[in-house]
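Remarks on the overall topology
Listed below are the residues making up each chain.
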Amino acid sequence: QVQLVESGGGLVQAGGSLRLSCAASGRTFSTYGMAWFRQAPGKEREFVAAINRSGTSTYYPRSVKGRFTISRDNAKNTVYLQMNSLKPEDTAVYYCAAKYNGRPAAIPKEYDYWGQGTQVTVSS
């Protein structure tokens, strides 16, 4: 069982930056591939970034590549999402997700555990 708690969301102007954190419970954090997804009102949950268990490989969709960076600290049981050059279309609730073993994926149903989400609002 893994519990995930996101933090760091808020209101920021377009062009600004935010850093999201996701703290995980348990002693097996390093066995989980981790990811961030987001969901805007009326839209499906969208893949934002993923990182493998050791932190050596990362994955991004075209919409955020070059602006967002995912990282993890296995000693602190925490995964981060650094978001730069934010745009109004980045506004959404951001969720942290954990996938036991295996390669990180871009499909929500591949993930075993989810956080409660943190709101990110980017004003124009």
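Structure first, text after, so check above.
Parameters and conventions
Residues numbered from 1 in each chain as written. Predicted model: local features only at pLDDT ≥ 70, side-chain atom pairs only at ≥ 80, totals over all residues. Heavy atoms only, no water. Phe/Tyr/Trp six-rings, centres within 6.5 Å; stacked < 30°, edge-to-face > 60°. Helix = DSSP H or I, 4+ residues; strand = E, 2+ residues; numbered from the N terminus. Buried < 20%, exposed > 50% of the residue type's maximum accessible area, 1.4 Å probe, protein only. Lys NZ or Arg CZ within 6 Å of the ring centre and 35° of its normal. Core = buried A, V, L, I, M, F, W, Y, C linked by side-chain atoms within 4.5 Å. Contact = heavy atoms within 4.5 Å. Salt bridge = Lys/Arg side-chain N within 4 Å of Asp/Glu carboxyl O. Disulfide = S-S within 2.5 Å.

Let's shift gears to the packing of aromatic side chains. The tally for this structure, following the rule as stated, stands at seven aromatic pairs. Seen in terms of ring centroids, Phe37 and Trp114 are 5.1 Å apart; in terms of plane orientation they differ by 55 degrees. Their pairing is tilted. Here Phe37, found in strand β4 (residues 32–39), pairs with Trp114, found in strand β10 (residues 113–114); they are 77 residues apart in sequence, far enough to count as distant. The exposure class assigned to Phe37 is buried, which follows from its relative accessible area of 0%. Judged by centre distance (6.5 Å) and plane angle (80 degrees), the rings of Tyr95 and Trp114 are edge-to-face. With Tyr95 in strand β9 (residues 92–100) and Trp114 in strand β10, this pair connects stretches of sequence that are 19 residues apart. Cluster of aromatic residues (ring-pair linked, three or more members): Phe37, Phe47, Tyr95, Tyr111 and Trp114. Residue placement shows Arg45 over the ring face of Tyr95; its charged tip is 3.8 Å from the ring centre.

Judged by nonpolar contacts, the single largest core of 29 residues is most densely connected at Met34, Trp36, Val79, Leu81, Met83 and Tyr94. Elements with a contribution of two residues or more to this core: β3 (18–24), β4, β5 (46–51), β7 (68–73), β8 (78–83), β9 and β11 (118–123). Once residues within four sequence positions are removed from consideration, Leu81 is found in contact with Leu18, Arg19, Leu20, Trp36, Val48, Ala49, Phe68, Thr69, Ile70 and Tyr94. Formed by seven residues, the second largest nonpolar core is a distinct cluster that contains Ala35, Phe47, Ala50 and Ala105.

Under the definition given, this model contains three salt bridges. In this structure, the salt-bridge partner of Glu46 is Arg38, at a minimum N-O distance of 2.8 Å. Asp90 is paired through a salt bridge with Arg38; the nearest N and O atoms lie 2.8 Å apart. Taken as a pair, Asp90 in the loop between β8 and β9 and Arg38 in strand β4 lie far apart in primary sequence, 52 residues in all. Exposure class is identical for Asp90 and Arg38. Each is buried. Three or more residues joined by partner-sharing salt bridges are found here, namely Arg38, Glu46, Arg67 and Asp90.

The next thing to look at is the state of the cysteines. For the structure on display, the rule yields one disulfide. The disulfide partner of Cys22 is Cys96, and the gap between their sulfur atoms is 2.1 Å. One quick way to see it: the torsion about the S-S bond of Cys22 and Cys96 is about -75 degrees, and its sign makes the bridge left-handed. Note that Cys22 is positioned in strand β3 and Cys96 in strand β9, a separation of 74 residues in sequence. For the pair Cys22 and Cys96, one class covers both residues: buried.

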